[in-house]
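# Descriptive analysis of the structure
The residues making up each chain are set out below.
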Amino acid sequence: MLEKMEILDVEMVIEEFEAMTKDAGSVQRETLKKILEENGCAEYLQNLGLNGRTDPESFKACVPLVTHQDLEPYIQRIADGDSSPILTGKPITTISLSSGTTQGKPKFVPFNDELMETTLQIYRTSYAFRNREFPVGKGKALQFIYSSKQSKTKGGLFAGTATTNVFRNSQFKNAMQAMQSQCCSPDEVIFGPDFHQSLYCHLLCGLIFREEIQLVSSTFAHSIVLAFRTFEQVWEELCADIREGILSSRITFASVRSAMAKLLKPNPELADLIHNKCTALSNWYGLIPELFPNVKYIYGIMTGSMEPYLKKLRHYAGELPLLSADYGSSEGWIGANINPNLPPESATYAVLPNIGYFEFIPLNENVEELVQDKINTSFVSAEPKPVGLTEVKVGEEYEIIMTTFAGLYRYRLGDVVKVMGFHNSTPELNFVCRRNLMLTINIDKNTEKDLQLAVEEAAKLIAGEKLEVVDFSSHVDVSTDPGHYVIFWEISGEVSDEVLKECCNCLDRSFVDAGYISSRKVNAIGPLELRVVWRGTFQKILDHYLGLGAALSQFKTPRCVGPTNNKVLQILCGNVAKSYFSTAF
Ligand code: AMP
């Protein structure tokens, strides 16, 4: 459909979405039926005794809840070249590497045409709603998108990050064209072998096409912030390139150089204009609309682990609206942002009931069970009882379980979501956190969000000196007795010991979880430690992940570093400039 159509018929997309969400319950039953019919012959399902049944009741009775670890042997066989129907009816020919930034190492997950189609469906849906509120004209998008190294598995399958698989798909380009969001950079830049060089060229392309740029985007907001932080360092070099029409020698790859040579012509007026704008700005506030006068909005995933970058993004964006993109994972998509007017902090994602079969483990009950388990000390984990998509309750939190067209059945993604409301009969979810990202030593339980709030509070103490926390992470140190929280901060400049001591106390006081406070009071948890790391430490972490095959497009700073993430912990601990212990309790 998209190949033939130049511009997407947004009203039709919205109509289809409305119709489908009015009867989300039966669309879910139908979707499950379709998934099981298409894949019933797969070894995994055959072994579970479904015997051709496709109803949710039989499905739940026969198929266990699994994690990635449970499926690893199956996925590994696929990667090793076994082309029999293992997880799906049609053999999987491409593997995605999930960013793995939360677990410490990239995971293999299956990718197929159906997953590509659901990706486009999500993109179309959110675009349709977005375009009603924020129409973009004919033009281009400055997209900070990058591919990962594309490798081949032992069995000869292509393996790249999910976004790389999407960007490489021919349908992606057509779809972007239909949504008037075509990337202003040539493919050689997007697929360039070095992200530092690609980033520089993305910026340069954006400046060359500055009048045409309608939106600035990336998959995750972190990449946009990183891009403009880099701009602050390299803007004079960019201006020089534009003035002379000669690309900086920092770009060394021939393919990238020759693609850029086609775009770059000497343009002293443009160079002067950009130079003047940059020197006139105060502390880079409103940089994006200054550089790109026709930009309508900034777009990218801004929730979850991206929230800490919002402050900086707002600074660069000035008055421009920030719109959070959709919710999904390498494993499969979940929901589209159909309320683009909401600020990113309260963005919700409406689940598309035909892109997978979704179940939800209620968390409130389980948290209590966990606490009870801990009290009883005999750890008997109760089998969680998930509910269906249309059975979730507003205000409740759940762990999400997905069954996809790409061979995952009752798969625990590990994300916690909160139901904020319903659109017709499909829920609108707010992303809460990764379930395993918890700072916990005793009876305390702090999520990534709790950590973020504490950091925001303490960072106010350095904001007065026009300094900011560039990035942060944490670690539970149980090598001391009692154990204690360690928070790592990278700061944009020098701060006095006195202020940092205060920041450390403030962090300690800002965890409002009753379990933490009571444990601190009786010294069952030791004083919080703030470790300030050298500038560039988080860049080293990013480089470490890129070396493992991750892509910048999907990078998420690990906010809580555990023993499975030894290398990152080593980087953090090896770059500590100063450390402080709290005296708050
Ligand atoms: P990956 O597949 O490695 O790129 O990571 C997918 C994970 O990124 C999801 O499981 C979420 O934890 C996180 N994620 C994806 N989309 C969003 C979103 N819109 N808001 C918050 N977190 C997200």
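Per chain, residue numbering runs from 1 following the sequence as it is written. Residues qualify for local features only when their pLDDT is at least 70, as the model is predicted, and side-chain atom pairs are given and counted only at 80 or more; totals for whole chains, interfaces and linings, by contrast, use all residues. With hydrogens and water stripped out, all remaining heavy atoms of the structure feed into the side-chain values.

With that out of the way, let us pick up the packing of aromatic side chains. The pairing test for Phe, Tyr and Trp rings, Trp by its six-membered ring, is centres within 6.5 Å, and the orientation test on the planes gives stacked under 30 degrees, edge-to-face over 60, and tilted for anything in between. Evaluated as defined, the whole model comprises 22 aromatic pairs. An angle of 90° between the planes, with centres 6.1 Å apart, marks the rings of Y146 and F195 as edge-to-face. With Y146 in the loop between β3 (140-143) and β4 (151-152) and F195 in helix α10 (residues 195-208), this pair connects stretches of sequence that are 49 residues apart. Each member of the pair, Y146 as well as F195, carries the same accessibility label: buried. Ring plane angle 50° and centroid distance 6.5 Å describe the contact between F228 and F231, whose orientation is recorded as tilted. Helix numbers and strand numbers start at the N terminus; a helix is a DSSP run of H or I with at least 4 residues, a strand a run of E with at least 2. Exposure categories follow from relative accessible area, calculated using a 1.4 Å probe and restricted to protein chains: below 20% of the type maximum is buried, above 50% is exposed, and the middle band is partly exposed.

Before going further, it helps to examine the UniProt feature "domain: GH3 C-terminal" (unreviewed entry) in the chain. UniProt positions are given in the numbering used here, feature names are shortened, and annotations may be inferred rather than shown by experiment. Look at the UniProt record and you will see "domain: GH3 C-terminal" (unreviewed entry) annotated at residues 449-561. For residues 449-561, the end-to-end C-alpha separation is 15 Å, with 42% helix and 19% strand making up the annotated structure.

With that out of the way, let us pick up the sheet that holds strand β1 (residues 94-98). Strand pairing in a sheet takes place through backbone hydrogen bonds and is either antiparallel or parallel in direction. In space, the 4 strands of this open sheet follow the order β2-β1-β5-β4, with mixed pairing throughout. Edge positions in the sheet fall to β2 (107-111) and β4, since each has one partner strand and no second. For two strands to be treated as a pair, DSSP must find no fewer than two bridges joining them. Where β1 and strand β5 (residues 158-161) come together, 4 bridges link them in parallel fashion. Bridging across to β5, S96 finds its partner in G160. Running at roughly 65° to β2, helix α5 (residues 68-79) makes contact with β1 and β2 of the sheet. Here, two residues are considered to be in contact whenever any of their heavy atoms come within 4.5 Å of each other. Comment: axis = line fitted to C-alpha atoms, over the contacting stretch for helices; angle = value between 0 and 180 degrees taken between N-to-C directions.

A separate point is the domain arrangement of the chain. Throughout the structure description, domain borders are defined by an automatic or database domain assignment. For the chain, the domain assignment lists domain 1 (135-145 + 183-320) and domain 2 (448-581). Put simply, the middle of domain 1 and the middle of domain 2, counted by C-alpha atoms, are 30 Å apart. At the interface, 18 residues of domain 1 touch 19 residues of domain 2. What gets called buried area is simply the loss in accessible area from a 1.4 Å probe that two parts show on being joined, summed for both. Across the interface of domain 1 and domain 2, roughly 1,600 Å² is buried in total on both sides, 52% from carbon and sulfur atoms.

Another point: the pattern of salt bridges. What counts as a salt bridge is simple: a side-chain nitrogen of Lys or Arg found within 4 Å of a carboxyl oxygen of Asp or Glu. What the rule picks out here adds up to 30 salt bridges. Among the salt bridges present, the one from E114 reaches K90, with a minimum N-O distance of 3.4 Å. Highlighted residues: E114 in helix α6 (residues 113-133) and K90 in the loop between α5 and β1, separated in sequence by 24 residues. The shortest N-O distance in the salt bridge between E490 and R535 comes to 3.3 Å. Separated by 45 residues along the polypeptide, E490 in strand β18 (residues 484-491) and R535 in the loop between β19 (529-533) and α20 (537-547) bring together distant segments of the chain. Its relative accessible area of 4% is what places E490 among the buried residues. The structure contains a network of salt bridges with shared partners spanning E43, R77 and D82.

Moving on, we come to the layout of surface pockets. The calculated volume of the second largest pocket comes to roughly 740 Å³. Residue lining of the second largest pocket: 28 residues in total, with K311, K312, L467, E468 and V469 positioned closest to the centre. Put simply, the parts of the chain that give the lining of the second largest pocket at least two residues each are α11 (221-244), α15 (310-317), α17 (448-463) and β17 (469-477). The element best represented in the lining of the second largest pocket is α17, accounting for 6 residues. Buried and open spaces are told apart on a 1 Å grid over the protein atoms alone, a cavity being a set of points where a 1.4 Å probe fits but cannot get out and a pocket being an open set with protein on both sides within 12 Å along at least five of seven lines. Residues with an atom within 4 Å of a point are the lining residues. Grid points are joined across faces, edges and corners, and a volume is the space filled by probe spheres set on the points.

Time to look at a negative patch on the surface. Taken together, D9, E11, E15 and E16 make up a surface patch of like negative charges. Relative to the elements of secondary structure, E11 occurs in helix α1 (residues 10-22). In this structure E11 comes out as partly exposed when scored by relative accessible area, which is 43%. Residues with no salt bridge and a relative accessible area higher than 30% make up the patches, which join like charges within 9 Å and nonpolar side chains (Val, Leu, Ile, Met, Phe, Trp, Tyr) within 5 Å. Working definition of accessibility: Shrake-Rupley area with a 1.4 Å probe, residue cover restricted to the visible protein chains. Asp and Glu count as negative and Lys and Arg as positive, but His and the ends of the chain are not part of the count. Charge placement uses NZ in Lys and CZ in Arg. For Asp and Glu, CG and CD serve respectively.

Moving on, we come to the pairing of β2. Along a regular strand, successive side chains alternate from one face of the sheet to the other. Here β2 lies mainly inside the structure; 4 of its 5 residues are buried. Where β1 and β2 come together, 5 bridges link them in antiparallel fashion. Across the sheet, the residue bridging to T94 is F111, located in β2.

With that settled, consider the packing of α17 against helix α18 (residues 497-510). The interhelical angle for the contact between α17 and α18, taken along N-to-C directions, is 155°, at an axis separation of 8 Å. Taken together, α17 and α18 sit at an angle that is classed as roughly antiparallel. Relative to α18, α17 is oriented so that their crossing is right-handed. The segment α17 lies against α18, with A454, V455, E457, A458, L461 and I462 engaging V499, E502, C503, C506, L507 and S510. Nonpolar residues are Ala, Val, Leu, Ile, Met, Phe, Trp, Tyr, Cys and Pro. Charged residues are Asp, Glu, Lys and Arg, and all others, Gly as well, are polar. Within the contact of α17 with α18, the residues separate by chemical class into 9 nonpolar, 1 polar and 2 charged. Each angle receives one of four descriptions, namely roughly parallel if under 35 degrees, roughly antiparallel if over 145, roughly perpendicular if within 65 to 115, and oblique otherwise. Two helices cross in a left-handed way if the nearer one is turned anticlockwise from the farther one by less than a right angle. They cross in a right-handed way if the turn is clockwise.

We now examine the pairing of β18. In terms of burial, β18 is largely enclosed, as 8 of its 8 residues are buried. Residues H484, V486, F488 and E490 line one face of β18 and the alternating positions Y485, I487, W489 and I491 line the opposite face, and both faces are buried. Both β17 and β18 contribute to a ladder of 8 bridges, which runs antiparallel. The partner of F472 across the bridge, within β18, is W489. Remark: 6 residues form the turn of the hairpin made by β17 and β18, two consecutive strands paired antiparallel. Relative to β19, β18 runs parallel, the two being bridged by 5 bridges. Of the residues in β19, the one forming a bridge with F488 is R531.

Enumeration over the complete set of coordinates arrives at 5 cavities of 30 Å³ or more. Along the walls of the second largest cavity sit 20 residues, with Y123, Q143, M176, S218 and Y299 positioned nearest its centre. Listed by contribution, the elements that provide at least two residues to the lining of the second largest cavity are α6, α8 (170-178), β6 (213-220) and β7 (297-301). Per-element accounting of the lining of the second largest cavity gives the leading share, 4 residues, to β6. Class assignment for the residues of the lining of the second largest cavity results in 11 nonpolar, 7 polar and 2 charged.

This part covers the sheet that holds strand β16 (residues 426-434). Here 8 strands make up an open sheet; going across it, the order is β9-β10-β11-β16-β15-β14-β12-β13 and the pairing antiparallel. Of all strands in the sheet, those with a lone pairing partner are β9 (327-329) and β13 (387-388), marking the two edges. Judged from the 6 bridges that link them, strand β12 (residues 357-362) and strand β14 (residues 397-403) form a sheet pairing that is antiparallel. Bridge pairing in β14 links F358 to M402.

It is worth spelling out the nonpolar core at this point. By convention a nonpolar core is built from buried Ala, Val, Leu, Ile, Met, Phe, Trp, Tyr and Cys residues, the set being connected through side-chain atoms within 4.5 Å. Ranked by size, the top nonpolar core spans 156 residues in total, and within it V216, F228, F231, F292, I298 and F360 carry the most contacts. Considering every element that reaches this core, the biggest residue donor is α11, with 12 residues. Formed jointly, this core draws a minimum of three residues from each of two domains, domain 1 (135-145 + 183-320) and domain 2 (448-581). Not counting residues up to four positions away in its chain, the partners in contact with I298 are V216, I224, I288, L313, A317, L320, P321, L322 and L323. Counting residues in hydrophobic clusters, the runner-up holds 30 residues, among them V455, A458, I487 and C506.

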